[in-house]
Amino acid sequence: MFEGKTFKIRYIGSRFDGGRLPLEVLSDLSAFRELLLTFAKERWRKSNAGRRRLPRGFDQSFTYDLIGISNGSAVAQLDSRPRPGQESLPGFSQFEEIATGSYNEVLAHIDFASNQQSPPALTSEQAAAFNRFGSALNDDERIEFEGSRGSDGNIIFLDTHRRKNLITRGGHRYQLRINGIGDLAGLHRKGHIAVQTHKYGEIKIPIEPGRVKDEFCVRENLGAPVQFSLLIELDAKDRSKKARYKSVKQVYEVELIDQERSDSVMKCIQRMTELRQLENGWLDGSGLRPTDAAIGAAELFLNKRPDLASSFRIYPMENGGVAFEFELRGWEFSIEFGPDGRVEMFGVEINGPDEMEPKTFDRVDELFLAEFDSRATG
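These numbers come from a predicted model, not from an experiment.

Caption draft 1: Here's a closer look at the packing of aromatic side chains. For the coordinates displayed, the defined rule picks out 19 aromatic pairs. Their ring planes at 40° and their centres at 5.9 Å tell us that Phe 301 and Phe 337 sit as a pair that is tilted. Within this pair, whereas Phe 301 is found in helix α8 (residues 292-304), its partner Phe 337 is found in strand β13 (residues 331-337), the two being separated by 36 residues in sequence. Residue class for Phe 337 comes out buried when judged on its relative accessible area of 0%. Considering the side-chain rings of Phe 368 and Phe 372, the 6.3 Å spacing of their centres and the 35° angle between planes classify their relative orientation as tilted. Of the two residues, Phe 368 and Phe 372 are both situated in helix α9 (residues 366-377); the distance of 4 residues between them amounts to about one turn of the helix. The two residues Phe 368 and Phe 372 agree in class, both being buried. Put simply, the rings of Phe 301, Phe 312, Phe 324, Phe 326, Trp 331, Phe 333, Phe 337, Phe 361, Phe 368 and Phe 372 touch in pairs and so form one group of aromatic residues. We note Arg 162 situated over the ring of Phe 157; from NZ or CZ to the ring centre the distance is 3.6 Å. In this structure, Arg 177 packs its charged tip against the face of Tyr 252, placed 3.7 Å from the ring centre.

The structure is reproduced here in structure tokens:
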């Protein structure tokens, strides 16, 4: 599958255009090293059956450096050059063979999952390492392994679907980073709040007791919107309403939206609910119902910019998309979330000749938000 000690991992998706690697994705690189290490340990044990313990310094032998981010979609180049003195570590003579073999074994597991085949069972340590690798990927993103070829002759890649299949086939739970807005449904002064979400049901989010008391523990706050960014754990039956979300593994952000913004956000959320209930033919016999991709993109934008909720006017589009219209800073803007989740923004100066030509983005990402902020709030 692969030969060499420099591994190139390409991140595909609009977030990574221009060789950009968002900070929340950087943890993937250390997770990838841990993933290789778990497979390397198993390979060494199998080839050294007479030895009960790994050689001293074995973990330290698996060191990788990020030596560059290439242009285009972000390509992380990881080099396994040994550190001074590592050559003398016991077992180091097998390092290159074990490292390359472990890399190929990782790719083989991903390839099995991509072709709906049953890969060899993962150990608990390997499943945990796969859980740390790729957890920040969005549904339309993937990680390609340059120089690889799968059983179908194409380059091997990991996306959210393959990652889930790979981890859960042995009964293991998998982890996913999510961002969203939910309703405050309850709280516990000793350290958590309950947030009701549309997709995952009720989520219990651990929070410091002081924050629960000072920020959330007011009766009027029940039902108010809460903005969150979390790493959650799900099980293999996440398509069943009775078995999806299991627990929160890490809290990146959780904030109560203040009352003034809360009313505006709730009106927008209610409007989204109304759009979900539309059927085909809602426009005098024509008009497609808004797609899940369009509504999902619109909700993500609302999650990212709740401060502007009071300005938004929300409409269904005949092609199955969703449109936001609003006035800011003497301009009238329109943002159209297409049926495939793509975004188009344009605008005109209300009392002047200027206009913003339509600009299209693959999704609601950092590039779109930067353009939006520069036009609407900058």
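Caption draft 2: Quick look at the environment of Leu 176. Structurally, the position occupied by Leu 176 is in strand β6 (residues 174-188). In this structure Leu 176 comes out as buried when scored by relative accessible area, which is 17%. Residues Leu 176 and Glu 233 lie 57 residues apart in sequence; the distance between their C-alpha atoms is 6.5 Å.

Caption draft 3: Representation of the nonpolar core. Among the nonpolar cores identified, the biggest contains 55 residues, and Tyr 11, Phe 32, Phe 130, Phe 133, Phe 145, Ile 193 and Ile 205 are the most heavily contacted of them. For this core, the leading source of residues is helix α1 (residues 27-47), giving 6 residues. When near neighbours in sequence (up to four residues on either side) are disregarded, Phe 133 contacts Tyr 11, Asp 28, Ala 31, Phe 32, Leu 35, Ile 143, Phe 145, Leu 158 and Arg 163. Core analysis: the second largest hydrophobic core is formed by 34 residues, Ala 294, Leu 302, Leu 328 and Phe 337 among them.

Caption draft 4: Examining the pairing of β13 more closely. With 5 of 7 residues buried, β13 lies mostly within the body of the structure. Hairpin connection of strand β12 (residues 322-328) to β13: 2 residues between the antiparallel strands, including Arg 329 at a positive phi of 55°. With antiparallel pairing between neighbouring strands as the criterion, β13 and strand β14 (residues 343-349) make up a hairpin whose turn holds 5 residues, including Gly 341 at a positive phi of roughly 90°.

Caption draft 5: Looking closely at the pattern of salt bridges. Throughout the structure, instances matching the rule amount to 16 salt bridges. In this structure, Arg 10 and Glu 146 form a salt bridge, with 2.7 Å as the shortest nitrogen-oxygen distance. Residue Arg 10 is found in strand β1 (residues 6-12), and its partner Glu 146 is found in the loop between β4 (142-145) and β5 (157-159); the two are separated by 136 residues along the sequence. Residue Glu 146 is classed as partly exposed on the basis of its relative accessible area, which comes to 21%. We note a salt bridge from Arg 363 to Glu 141, for which the minimum N-O separation is 4.0 Å. In this pair, Arg 363 sits in the loop between β15 (355-361) and α9 while Glu 141 sits in the loop between α4 (124-132) and β4, placing the two residues 222 residues apart along the sequence. Glu 141 carries the same exposure label as Arg 363, and that label is buried.

About the cut-offs
Residues numbered from 1 in each chain as written. Predicted model: local features only at pLDDT ≥ 70, side-chain atom pairs only at ≥ 80, totals over all residues. Heavy atoms only, no water. Phe/Tyr/Trp six-rings, centres within 6.5 Å; stacked < 30°, edge-to-face > 60°. Helix = DSSP H or I, 4+ residues; strand = E, 2+ residues; numbered from the N terminus. Buried < 20%, exposed > 50% of the residue type's maximum accessible area, 1.4 Å probe, protein only. Lys NZ or Arg CZ within 6 Å of the ring centre and 35° of its normal. Core = buried A, V, L, I, M, F, W, Y, C linked by side-chain atoms within 4.5 Å. Contact = heavy atoms within 4.5 Å. Pairing = 2+ DSSP bridges. Salt bridge = Lys/Arg side-chain N within 4 Å of Asp/Glu carboxyl O.

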